[in-house]
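Each chain, letter by letter, is given below.
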Amino acid sequence: MFEVDLRSDTVTRPSQAMLNAMISSPVGDDVWGDDPTVLKLEAMVAERFGTEKALFCVSGTQANQIALMSHLSPGDEVICHPYAHIYNYEGGGIAANAHSSVVFTGDDRGIMYPEGVLSCIKADDVHYPKSRVLALENTSNKGGGTCYEWEEIEALRAVANAQGLTFHLDGARLYNALVAKNQNESDYGTAFDSISICLSKGLGAPVGSVLLGSEEFIYHSRRIRKRIGGGWRQAGLLAGAAIYALENNVDRLAEDHAAAKDMAEFLGQQSWVKNVVAPETNILIFGLNEDMDQEAFIAALAEKGIGISQMGPGKCRMVFHLDITPAGIQKVKEALASI
Ligand SMILES: Cc1ncc(COP(=O)(O)O)c(C=O)c1O
């Protein structure tokens, strides 16, 4: 355990107020469809985004994979960014669960553009996989917490419409984007066919993601969730934490974004830092000079009680969240200054 844990925003622990909300949540049996707190959460998120239905899932991975299994048939293809979590960090799920292939496009910030997507579309020919799903990630984790402009999403939606693609959003950190760009939940609900949102990252719940979409899509997704063992019983305890997170922890995400910017400026002044990706939200990615060993650098910080992570060579990562205090930030700066 680290004194200052910047490895991810998944490491947050439930506050006392969140725990109180959990233990006072009425529960039922969600597989029977009668857990009142799960029903309340699903109705609340669906209403915020203006979608017909929502489904409470164990994790972002589970919500994404259920969506992909629901949208894809064997031999189909997903168009996504080479950094996409659904491709890189979900255990080969597109292949293993949805029996589909992947084609990539996008820039070094994790953002995709219409021309690139169009160049990925396969002709309707027996030799090729069938282009089926266009999957975005907002914010882009490996891109450094980058966000789409609303106009960019609209342009991609137009391509999806014109090409008959299903439009999925991995919105694990969508609330960070909404706060950073002052965007609207209901616009997202209208633009996408399915959206997964994590409550267990910057929003601070211990577990849980919500999958959003049409009544038919969620009906099908509920069956898939059960098939893969994701039917949970007194899940209302966790839905209670998720509701608390949505009601209390959204606006404060701006504080995490400010902390990431402040640390980026600090890192930019260090001679051993090669580059810093200007943070748009709570994820800060930076690279070290060639004479520095990334693994050794991370290990040296760990020795001092500071956890950071990496997303491949040249990509050290710090993620800011609600358990990071000003004193913790000061400790990190002191440790970095002594490198
Ligand atoms: C962009 C993105 N999508 C999906 C996930 C998966 O979420 P989980 O860890 O809840 O499976 C993550 C986790 O970090 C993520 O960063």
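All values reported here derive from a predicted model rather than from experimental measurement.

## Some thoughts on the overall build of the protein chain
Of regular secondary structure, the protein chain possesses 14 helices and 13 strands. Computed over its C-alpha atoms, the radius of gyration of the protein chain comes to 20 Å, within 12% of the 20 Å expected for a compact globule of 339 residues. Taking all 339 residues of the protein chain together, the buried fraction comes to 48%. Sequence-distant contacts in the protein chain: of pairs separated by 6 or more residues, those separated by 24 or more amount to 74%.

## Observations concerning the packing of helix α8 (residues 174-181) against helix α12 (residues 253-268)
For the pair α8 and α12, interaxial distance at closest approach is 9 Å and the crossing angle is 80 degrees. Relative to α12, the element α8 is oriented roughly perpendicular. Contacts from Tyr175, Asn176, Val179 and Ala180 of α8 reach α12 at Leu253, Ala254 and His257.

## Regarding the site of the ligand
The environment of the ligand is made up of 13 residues, and the closest members are Ser59, Gly60, Thr61, His85 and Ala172. Per element, the largest residue contribution to the shell around the ligand is three residues, and it comes from helix α3 (residues 60-71). Broken down by class, the residue content of the shell around the ligand amounts to two nonpolar, nine polar and two charged.

## Section: the pairing of strand β10 (residues 283-288)
Counting buried positions along β10 gives five out of six residues, so the element sits mostly inside the fold. In this structure, strand β9 (residues 273-277) lies alongside β10, joined through four bridges in antiparallel fashion. Residue pairing in the sheet places Val273 in a bridge with Leu288 of β10. Between the end of β9 and the start of β10, which pair antiparallel, lie five residues. Bridge count for β10 against strand β13 (residues 316-319) is four bridges, and the pairing is antiparallel. Bridge pairing in β13 places Ile283 opposite Val319.

## Comments concerning the sheet that holds strand β5 (residues 130-137)
Pairing is mixed across the open sheet formed by seven strands, whose spatial order is β2-β8-β7-β6-β5-β3-β4. Looking at the sheet topology across the chains shown, the edges are occupied by β2 (53-57) and β4 (101-104). Recorded for the sheet is a direction-independent mean angle of 20 degrees between the axes of neighbouring strands. Direction of pairing for strand β3 (residues 76-80) relative to β5: parallel, over a ladder of four bridges. Its bridge partner being in β5, Glu77 is matched across the sheet by Ser131.

## Some points on unusual backbone geometry
Note the cis peptide between Asn138 and Thr139, where omega equals 5 degrees. Here Thr139 is to be found in the loop between β5 and α7 (150-163). Even without a glycine there, the phi angle at His99 is positive, about 55 degrees. Along the polypeptide, His99 turns up in the loop between α5 (93-96) and β4. We note that Asn182 has phi near 55 degrees; this positive angle belongs to a residue other than glycine.

## Points about helix α1 (residues 16-23)
Residues of α1 that are buried include every one of Met18, Ala21 and Met22, and no others. The buried residues of α1 occupy an angular sector of 100 degrees when the element is viewed end-on, so they sit on one face. Facing away from the buried side of α1 by more than 90 degrees, the exposed set consists of Gln16, Ala17 and Ile23. Against α11 (236-248) lie the buried residues of α1.

## Side note on the environment of Ala155
Mapped onto the fold, Ala155 is located in helix α7. Classification of Ala155 as partly exposed rests on a count of 15 C-beta atoms within 10 Å.

## Topic: the domain arrangement of the protein chain
The domain architecture assigned to the protein chain consists of domain 1 (4-10 + 252-337) and domain 2 (14-248). Contributions of two or more residues to the side of domain 1 that touches domain 2 are made by α12 and β10. The biggest single contributor to the side of domain 1 that touches domain 2 is α12, with four residues. Tallied by class, residues from the side of domain 1 that touches domain 2 come to eight nonpolar, five polar and three charged.

The rules behind these values
- Residues numbered from 1 in each chain as written.
- Predicted model: local features only at pLDDT ≥ 70, side-chain atom pairs only at ≥ 80, totals over all residues.
- Helix = DSSP H or I, 4+ residues; strand = E, 2+ residues; numbered from the N terminus.
- Rg over C-alpha atoms; globule rule 2.2 N^0.38 Å.
- Buried ≥ 20, exposed ≤ 12 C-beta atoms within 10 Å, placed from the backbone.
- Contact = placed C-beta atoms within 7 Å.
- Axes fitted to C-alpha atoms, helices over the stretch in contact; angles between N-to-C directions.
- Parallel < 35°, antiparallel > 145°, perpendicular 65-115°, else oblique.
- Near = placed C-beta within 6 Å.
- Nonpolar A, V, L, I, M, F, W, Y, C, P; charged D, E, K, R; others polar.
- Pairing = 2+ DSSP bridges.
- Arc of directions from axis to C-beta.
- Domains from an automatic or database assignment.

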